[in-house]
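Inside the fold
In case you want the letters, here they are:
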Amino acid sequence: MRHIISILLENEPGALSRVVGLFSQRNFNIETLNVAPTEDPSLSRLTVTTEGDDRVIEQITKHLNKLIDVVKLVDLTEGHHIERELMLVKVKALGASRDEVKRTVDIFRAQIVDVTPSVYTVQITGDAGKLDAFVQAMAPIGILEVGRTGVSGISRGDKILSL
Amino acid sequence: MELLSGADMIARFLQDEGVERIYGYPGGAALHIYDALFRQDKVKHILVRHEQAATHAADGYARASGKPGTVLVTSGPGATNAVTGIATAYMDSIPMVVLCGQVASHLIGEDAFQETDIVGVTRPIVKHSFAIKHPSEIPEVLKKAYYLAATGRPGPVVVDIPKDMTAPTERYEYVYPKKVKIRSYNPVTRGHSGQIKKAVDMMLKARRPVFYTGGGIVTSGASENLTALVKRLGFPITTTLMGIGSYPQTDAQSLGWLGMHGSYESNMAMHHADLIIAIGARFDDRVTNNTSKFCPTAKIVHVDIDPSSISKTVRADVPIVGPADSVINEMISLLQGREMANAEALPEWWTTIDGWRAEREGKLYEPSQPGERLKPQEVIEAVYHITRGEAFVTTDVGQHQMFAAQYYKFDKPNRWITSGGLGTMGFGFPAAMGIKQNFPDDTVVCFTGEGSFQMMMQELSTCKQFGTGVKIINLNNGTLGMVRQWQDLNYKSRHAHSYVESLPDFQKLIEAYGFTALKVEHHDELDAALERTFADNDELVFLDIDVDPREHVYPMQVPLGAMRDMLLSKTERT
């Protein structure tokens, strides 16, 4: 099963490499990885999506917790949560397909953020499934380049991941 | 207010931390630190002949004393040479602080002379590592390093120190930090009471219980409490290789150690148990054999300080995260005034176990006859007798290690010093050296083989410099015995590169360093040679003993089998 693990990490040099290294060292899988500073400059928030059965996920969270640079973590998929990813896509926009791209962008509630005579650059946010669907819809028209941020997430309601 | 350079802070911190001896080797990036050490005399520096030996010596000291060992090396090759020793300590959860010189900050990343990203290289084999960014943070970082190394589940900590951080011209305020706090690091101090209660209830209801205890008992100093608990319940106990000595092996309730080459009765008792009480052990593959066939009828209580050790390979029914000592203590108090629910079951269980013991009694190996080559097993037994079982015993890795574990009986913890997790050949001699230098009044024996010894024999020079009187017992069978055993069993005796051709004349080699070496070729010479070897406790003696190269280590678990599936000799199996 797919899990989204969010981690508050010491904003120290080398901290990220310890997390990433742990995954390769223990033969765990990283599907997406997203990391940025938080409102507290001493902390980064890192969100990783990974696949594994309960036993594997238990080991992943235990080993992550063992890292001295990991301050706190939560497996968002254990409860209700919001999951978002941002994607920038360059698609061919020539002739008849130019309108087709625009229509599909509207259907997905995406935005065209850059235009040339032959290319549209589209920005879209949503969960990973929505982004996958957009990529699929655009594929026949011609995708030139894709940049995805990886999943970021937060739990619903009053539950808070903080110190 | 006291102003000190980074280098002087390091020397001063080591004094204030109570570090008596450090093991190291100088080099460009560490020279400021070496100069600071030269200008003081409280902390003794032992100059090794290879940085790997520095880590093993510090590791040996740590295992024998329970305190963190300290290593100082220079950047680049100095640091990379230390890597095997760091990994050895990591695998066995040994507290150690490794101070590494590094090229000056402005050169980092430029492939400077003797530059290695040692924090990167060691990342998967340390508990944590630090890189010093400013001289003023040295005292606090070092305190954190010692604190992390020694608490919770101990392990090695690397501190990378760029040369400019120790420059004599830059001085900053020094205060010894008595305490440090790390917000993300709060090792548990006691187990969950509800879980402990549940575990005790299961113990009282058990019909075929067995204790299975590991290095965690030794590390947390829980031997005394463990012994009290096991005595109170009257259960059998087996330990891991790392846990040897955590319960007196000569006691009737001890089944010896378990696993790959563990005792027949240990592995049989585990397989047939209905309750396994695992404390400070981690169910590793050399213990469990095939986990899908592991102990089919047993419920498992697992006590460990490290939550990631619990249910890693074998699922625990009652997991308890906590330090062994305090959990055992709580178990003892919960047992007060309570009785076993099935009083008749335990004696029956012991009858079964005694039956297993009797099956193998006197069949473990065939002793040599007068005039014949010695068997390695009987050499270990003879050393056990002459040292009255009281020596610190270190080993290298291979057949001699297993024989030493099987035939030297330990009644105290911290005396059996072996590289269990990583299985590092070359560990034994420098570890023995580290122990002897810190425990000069004790007898320190290193069992080794001609293969392992040659990996770290340069330390003879260190022993000469510091007058270190270890006893080296070389079980010389002229082959890499354990490799050969596997080749005999799995490769139709095709001995690919397990034969050590062109062995040196060990006697001449040892004598070149000014030490005594004795050669034993057959059975009749052993007793006199041992008398001579142990005559003077302060003298390094190398005893080179020809032993039978055909000997295999048994019992040996059958690959992919259950705990009970064992080869018992070249012709018998369960």
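The rules we used
Residues numbered from 1 in each chain as written. Chains lettered and ligands numbered in written order. Predicted model: local features only at pLDDT ≥ 70, side-chain atom pairs only at ≥ 80, totals over all residues. Heavy atoms only, no water. Helix = DSSP H or I, 4+ residues; strand = E, 2+ residues; numbered from the N terminus. Buried < 20%, exposed > 50% of the residue type's maximum accessible area, 1.4 Å probe, protein only. Areas by Shrake-Rupley, 256 points an atom, 1.4 Å probe, with all protein chains shown as cover. Lys, Arg positive; Asp, Glu negative; His and termini not counted. Charge placed at Lys NZ, Arg CZ, Asp CG, Glu CD. Domains from an automatic or database assignment. Contact = heavy atoms within 4.5 Å. Buried area = accessible area lost by both parts, 1.4 Å probe. Salt bridge = Lys/Arg side-chain N within 4 Å of Asp/Glu carboxyl O. Polar contact = N/O pair within 3.5 Å; in protein donor to acceptor, adjacent residues only side chain to side chain. Nonpolar A, V, L, I, M, F, W, Y, C, P; charged D, E, K, R; others polar. Core = buried A, V, L, I, M, F, W, Y, C linked by side-chain atoms within 4.5 Å. Axes fitted to C-alpha atoms, helices over the stretch in contact; angles between N-to-C directions. Parallel < 35°, antiparallel > 145°, perpendicular 65-115°, else oblique. Left-handed = near helix turned anticlockwise from the far one by under 90°. Pairing = 2+ DSSP bridges. Right-handed = clockwise from strand over helix to strand, strands pointing away. Patch = residues over 30% accessible without salt bridge, like charges linked within 9 Å, V, L, I, M, F, W, Y side chains within 5 Å.

Scanning chain B from terminus to terminus reveals 22 helices and 22 strands. The C-alpha extent of chain B, read off along each of the three principal axes, is 75 × 60 × 40 Å. Burial analysis of chain B (574 residues in total) assigns 59% to the buried set. Split by element, the accessible area of chain B, about 22200 Å² in all, is 52% carbon and sulfur. Measuring between centres, the 57 positive side-chain charges of chain B sit 6 Å from its 67 negative side-chain charges.

Now for the domain arrangement of chain A. Residue and element names in this part refer to chain A. Looking at chain A, the domain boundaries give domain 1 (2–79) and domain 2 (82–152). Inter-centroid distance (C-alpha atoms) of domain 1 to domain 2 is 29 Å. The partner domain 2 presents six residues to the seven residues of domain 1 that form the contact. Of the roughly 500 Å² buried where domain 1 meets domain 2, counting both sides, 51% is carbon and sulfur surface. It is R2, T32 and N34 in domain 1 that bury the most area against domain 2; as a group they hold 59% of the surface buried on that side. At the junction of domain 1 with domain 2, the criterion picks out one salt bridge. Scanning the region where domain 1 abuts domain 2 turns up three residue pairs in polar contact (both at pLDDT 80 or more).

Here we come to unusual backbone geometry. Residue and element names in this part refer to chain B. For the bond running from Y554 to P555, omega is 0 degrees, close enough to zero to count as cis. If you trace the backbone, P555 turns up in the loop between strand 20 (541–546) and strand 21 (556–557). Phi at S93 is positive, roughly 55 degrees, even though this residue is not glycine. Position of S93 among the secondary structure elements: in the loop between helix 5 (83–91) and strand 5 (96–102). Not every positive phi belongs to a glycine, and H497 is a case in point at roughly 55 degrees. Positionally, H497 belongs in the loop between helix 20 (481–490) and helix 21 (506–512). The exposure class assigned to H497 is exposed, which follows from its relative accessible area of 77%.

What follows is about the interface of chain B and chain A. The parts lose accessible area when they come together, and the size of an interface is often stated as this lost area. Each side of the interface is counted separately: chain B has 20 residues, and chain A has 22 residues. Between chain B and chain A, a total of about 1700 Å² is buried, with carbon and sulfur atoms accounting for 45% of that surface. Of all residues in chain B, R123, R183 and S184 of chain B give up the largest surface area on contact with chain A, accounting jointly for 37% of the area buried on that side. Where chain B packs against chain A, one counts three salt bridges. Here chain B is connected to chain A by 12 residue pairs in polar contact (both at pLDDT 80 or more). In the side of chain B that touches chain A, the residues fall into seven nonpolar, five polar and eight charged.

This paragraph deals with the nonpolar core. For soluble globular proteins, the rule of thumb is that nonpolar side chains tend to be buried together. One finds F211, I276 and M331 of chain B to be the most contacted residues of the largest nonpolar core, which totals 58 residues. Counting 47 residues, the second largest nonpolar core, distinct from the first, contains A57, I118, L460 and C463 of chain B.

This brings us to the packing of helix 3 (residues 96–107) of chain A against helix 4 (residues 128–138) of chain A. Two quantities define a packed helix pair, namely the angle between the axes and the distance from one axis to the other. Residues and elements named next belong to chain A. Packing of helix 3 against helix 4 brings their axes to within 11 Å, and their N-to-C directions diverge by 165 degrees. As judged from the angle between their axes, helix 3 and helix 4 are roughly antiparallel. Between helix 3 and helix 4 lies a crossing whose hand is right-handed. For the pair helix 3 and helix 4, contact is made by V101, T104 and V105 and by F134, A137 and M138, respectively. When grouped by side-chain class, the residues that make up the contact of helix 3 with helix 4 number five nonpolar, one polar and no charged.

On to the domain arrangement of chain B, then. Residue and element names in this part refer to chain B. Splitting chain B by domain gives domain 1 (3–173), domain 2 (193–360) and domain 3 (376–553). The distance between the C-alpha centroids of domain 2 and domain 3 comes to 31 Å. Residue-level contacts link 16 residues of domain 2 with 20 residues of domain 3. Note on domain 2 versus domain 3: buried area summed over both sides is about 1400 Å², and carbon and sulfur give 62% of it.

Among the secondary structure elements, E78 of chain A is positioned in the loop between strand 4 (70–75) and strand 5 (81–92). The class for E78 of chain A is exposed, based on a relative accessible area of 66%.

All right, on to the packing of helix 10 (residues 223–233) of chain B against helix 13 (residues 324–335) of chain B then. All names here are of chain B. For the pair helix 10 and helix 13, interaxial distance at closest approach is 9 Å and the crossing angle is 30 degrees. One element, helix 10, and the other, helix 13, form an angle in the roughly parallel class. Every pair of crossing elements has a handedness; the one defined by helix 10 and helix 13 is left-handed. Facing N225, L226, A228, L229, R232 and L233 of helix 10, the residues of helix 13 in contact are D325, I328, N329, M331, I332 and L335. Split by residue class, the contact of helix 10 with helix 13 holds eight nonpolar, two polar and two charged.

All names here are of chain B. Two strands pair when backbone bridges link them, and strand 19 (residues 516–520) and strand 20 are joined in this way by five bridges, in the parallel orientation. Of the residues in strand 20, the one forming a bridge with A517 is F542. A crossover links strand 19 with its parallel partner strand 20, the connecting element being helix 22 (residues 526–533), and its sense is right-handed.

Turning our attention to the sheet that holds strand 4 of chain A. All names here are of chain A. As summarised here, the arrangement of the four strands in space is 2-3-1-4, forming an open sheet in which the pairing is antiparallel. Among the strands making up the open sheet, the edge pair consists of strand 2 (32–37) and strand 4. Direction aside, the axes of adjacent strands within the sheet are offset by 15 degrees on average. Here strand 2 pairs with strand 3 (residues 43–51) via six bridges, running antiparallel.

Residues and elements named next belong to chain A. On the surface, L16, V20, L33 and V35 cluster together to form a nonpolar patch covering roughly 260 Å² of accessible area. For the nonpolar patch, the secondary-structure elements that each account for two or more residues are helix 1 (15–25) and strand 2. With respect to the helices and strands, V20 occurs in helix 1.

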